[in-house]
Amino acid sequence: RAGSLATDGARETRARLAATWAASNRVAELRAGTQFPPAASNRLTIEQAGLALVIDETVADTANPTIRRVSLSVSDAREPGRVLANLTAFVGRP
């Protein structure tokens, strides 16, 4: 039983780490892009570290018209209701 708990914990840690990487990579993509992201909501399906993940992305205006707020929620594609990571970042106009 203890071995099973350790394995489950390691699996969960790996999934959360992969989800955090996926969210960070998405922010890097937006920042590296040549277009200012529009204020909208998107759902992306990606693979990170061999795991199928879903990123729910919401881009919103801020008080500064040259900056947008990006909120990301990353879930396991097999269990979309189980959020593994959340990240909020700000992206400036290129």
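Now for a quick tour of the structure. (Residues numbered from 1 in each chain as written. Predicted model: local features only at pLDDT ≥ 70, side-chain atom pairs only at ≥ 80, totals over all residues. Heavy atoms only, no water.)

## Side note on the sheet that holds strand β1 (residues 40-48)
Overall, antiparallel pairing links the 4 strands, which are arranged β1-β2-β3-β4 in an open sheet. Lying at the two open borders of the sheet, with one neighbouring strand each, are β1 and β4 (79-92). For this sheet, the mean angle separating the axes of adjacent strands, direction not counted, is 25 degrees. Two strands pair when backbone bridges link them, and strand β3 (residues 67-76) and β4 are joined in this way by 10 bridges, in the antiparallel orientation. Opposite D76, over in β4, you have E79 as the bridge partner. (Pairing = 2+ DSSP bridges. Helix = DSSP H or I, 4+ residues; strand = E, 2+ residues; numbered from the N terminus. Axes fitted to C-alpha atoms, helices over the stretch in contact; angles between N-to-C directions.)

## Overview of the pairing of β1
Where β1 lies against strand β2 (residues 51-61), 9 bridges are found, and the strand directions are antiparallel. Bridge pairing in β2 links E47 to A52. A loop of 2 residues connects β1 with β2, the two strands running antiparallel in sequence, and A49 in this loop sits at a positive phi of about 55 degrees.

## Observations concerning unusual backbone geometry
Here the phi dihedral of A49 falls at roughly 55 degrees; this positive angle occurs in a residue that is not glycine. By the element assignment, A49 lies in the loop between β1 and β2. Residue A49 is classed as partly exposed on the basis of its relative accessible area, which comes to 36%. (Buried < 20%, exposed > 50% of the residue type's maximum accessible area, 1.4 Å probe, protein only.)

## Quick word on the pattern of salt bridges
Per the stated rule, a full pass over the model turns up 9 salt bridges. A salt bridge links R26 to E57, with the nearest nitrogen and oxygen atoms 2.6 Å apart. Of this pair, R26 sits in helix α1 (residues 2-32) while E57 sits in strand β2, and the two are 31 residues apart along the sequence. The exposure class of E57 is buried, given its relative accessible area of 2%. (Salt bridge = Lys/Arg side-chain N within 4 Å of Asp/Glu carboxyl O.)

## A short note on the side chain of E57
Reaching out from E57, the side chain makes a polar contact with the side chain of R26 at a distance of 2.6 Å. Beyond its immediate stretch of four places on either side in the chain, E57 contacts R26, L30, A40, S41, N42, L44, V70, S71 and L72. (Polar contact = N/O pair within 3.5 Å; in protein donor to acceptor, adjacent residues only side chain to side chain. Contact = heavy atoms within 4.5 Å.)

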